[in-house]
Amino acid sequence: METDNRRVLRRIGRAAAVTGAIGVAGLGYASVIERNWFRLRRYELPLLPPGSDRLRILHLSDAHLTPGRRMLIEWIRGLAAYEPDLVVNTGDSLAHRDAVGPFVDALGPLLDRPGAFVFGSNDMYSPRLKNPARYLWRTSRSDYAERRSPDLPWRELGEAMSASGWLDLNNHRGSLKAGGLDVALAGVHDSHIGLDRYEAVAGPADPHADVRVGLLHSPEPANLSRFAADGYQLLLAGHTHGGQLCLPFYGTLVTNCGIDRRRAWGLHRYDDAWLHVSGGLGTSPYAPVRFCCRPEAALLDLVAGD
């Protein structure tokens, strides 16, 4: 009997050792390899008037940048080689008080191109250590209720992008010329922390524009439907990180907002509009892992319709 017990204990010990080794290997992959395994997704949408030239939009989101992330900084700078006509940043660019300079460095030559931006909560509030498992049953919206004032340099971030001619679309409308086309834009501030004011941009989008684009950080259904009803053809959002930790053959576990799991990342229809939700480029420095959800940016080529 004692010998049998020892055999059982040895088997349990071996199983535990194997399980532990797999866990360590998975954590190493998620934090070292996949977190830095950036990819560029590409889409084509027939949204432009007949006879129009292509309009290439680069969609960036959720860099959550800290000053030491040189691989991410250099990868973003390299996106200028794709020659986008318009650059859109849908927020959560910062994760450190000293990250504005590095983020501007990352944008580099992209700032010479037409651009537009909105903020996310993490452009204003620094990340905090918390249990990420809470996202399985609740969103992080309530985490900001106790904070009285922002502690990240969001004004400096906005000023740096605006100084290059990018449009600040936080509860604002605007228009610009990109790729020889007239682009009508509108955006809202981050609904995740209650700063969205859709009434400030409400009303029909410019019918004379060649294309109409709406920006928002968190893809909340109420705002998405309002943009679509006002005639915006393409809606760009971030926030979800694509789920960040996903399961093979199942996908996103949670979205941390009101959007459904199926549309947590990628290009989908939403009412009468197209919606692109970026899976994002970064992570919180307190949860520096990605699994089955590589960091990404996207190129959306808008072409002439029939």
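Reading the values: the criteria
- Residues numbered from 1 in each chain as written.
- Predicted model: local features only at pLDDT ≥ 70, side-chain atom pairs only at ≥ 80, totals over all residues.
- Heavy atoms only, no water.
- pLDDT = per-residue confidence, 0-100.
- Contact = heavy atoms within 4.5 Å.
- Disulfide = S-S within 2.5 Å.
- Buried < 20%, exposed > 50% of the residue type's maximum accessible area, 1.4 Å probe, protein only.
- Core = buried A, V, L, I, M, F, W, Y, C linked by side-chain atoms within 4.5 Å.
- Helix = DSSP H or I, 4+ residues; strand = E, 2+ residues; numbered from the N terminus.
- Salt bridge = Lys/Arg side-chain N within 4 Å of Asp/Glu carboxyl O.
- Pairing = 2+ DSSP bridges.
- Axes fitted to C-alpha atoms, helices over the stretch in contact; angles between N-to-C directions.

A few words on the confidence of the model for the protein. For the protein, mean pLDDT is 90; residues scoring 70 or higher make up 85% of the total. Note that residues 15–24 has pLDDT below 50 and, in this model, 0 contacts with residues that lie over four places away or in other chains.

Moving on to the state of the cysteines. Taken as a whole, this structure holds 0 disulfides when the rule is applied. For Cys 246, which is in no disulfide, the shortest distance to another cysteine sulfur is to Cys 293 and amounts to 4.1 Å. The class of Cys 246 is buried, set by a relative accessible area of 5%.

Let us now look at the nonpolar core. Judged by nonpolar contacts, the single largest core of 28 residues is most densely connected at Leu 58, Leu 60, Ile 76, Leu 107, Leu 110 and Met 161. If you list the elements that add at least two residues to this core, you get strand S2 (55–60), helix H2 (70–78), helix H3 (100–107), helix H4 (154–163) and strand S14 (296–304). A total of 4 residues in this core trace back to one element, the largest contributor, which is H3. Other than its neighbours up to four places away in sequence, Leu 110 contacts Leu 58, Leu 60, Ile 76, Leu 79, Ala 80, Pro 84, Val 87 and Trp 166. Core analysis: the second largest hydrophobic core is formed by 25 residues, Val 118, Leu 169, Leu 176 and Leu 302 among them.

This model, assessed by the stated rule, comprises 8 salt bridges. Measuring nitrogen to oxygen at the nearest pair gives 2.8 Å for the salt bridge that ties Glu 74 to Arg 70. Here Glu 74 pairs with Arg 70, and both are found in helix H2, just 4 residues apart, close to one helical turn. With its nearest N and O atoms 3.0 Å apart, the salt bridge here joins Asp 260 to Arg 263.

A word on the sheet that holds strand S7 (residues 181–188). With mixed pairing, 6 strands are arranged side by side in an open sheet as S6-S7-S8-S9-S13-S12. Taken across any chain shown, the strands that pair with only one partner, and hence form the sheet edges, are strand S6 (172–178) and strand S12 (266–270). Between one strand and the next, the sheet's axes are offset by a mean angle of 25°, whatever the strand orientation. Both S7 and strand S8 (residues 211–216) contribute to a ladder of 6 bridges, which runs parallel. Bridge assignment links Gly 187 to a residue of S8, and that residue is Leu 215. Running over the sheet, helix H5 (residues 221–229) touches S7, S8, strand S9 (234–237), S12 and strand S13 (273–277) and is turned about 165° from S8.

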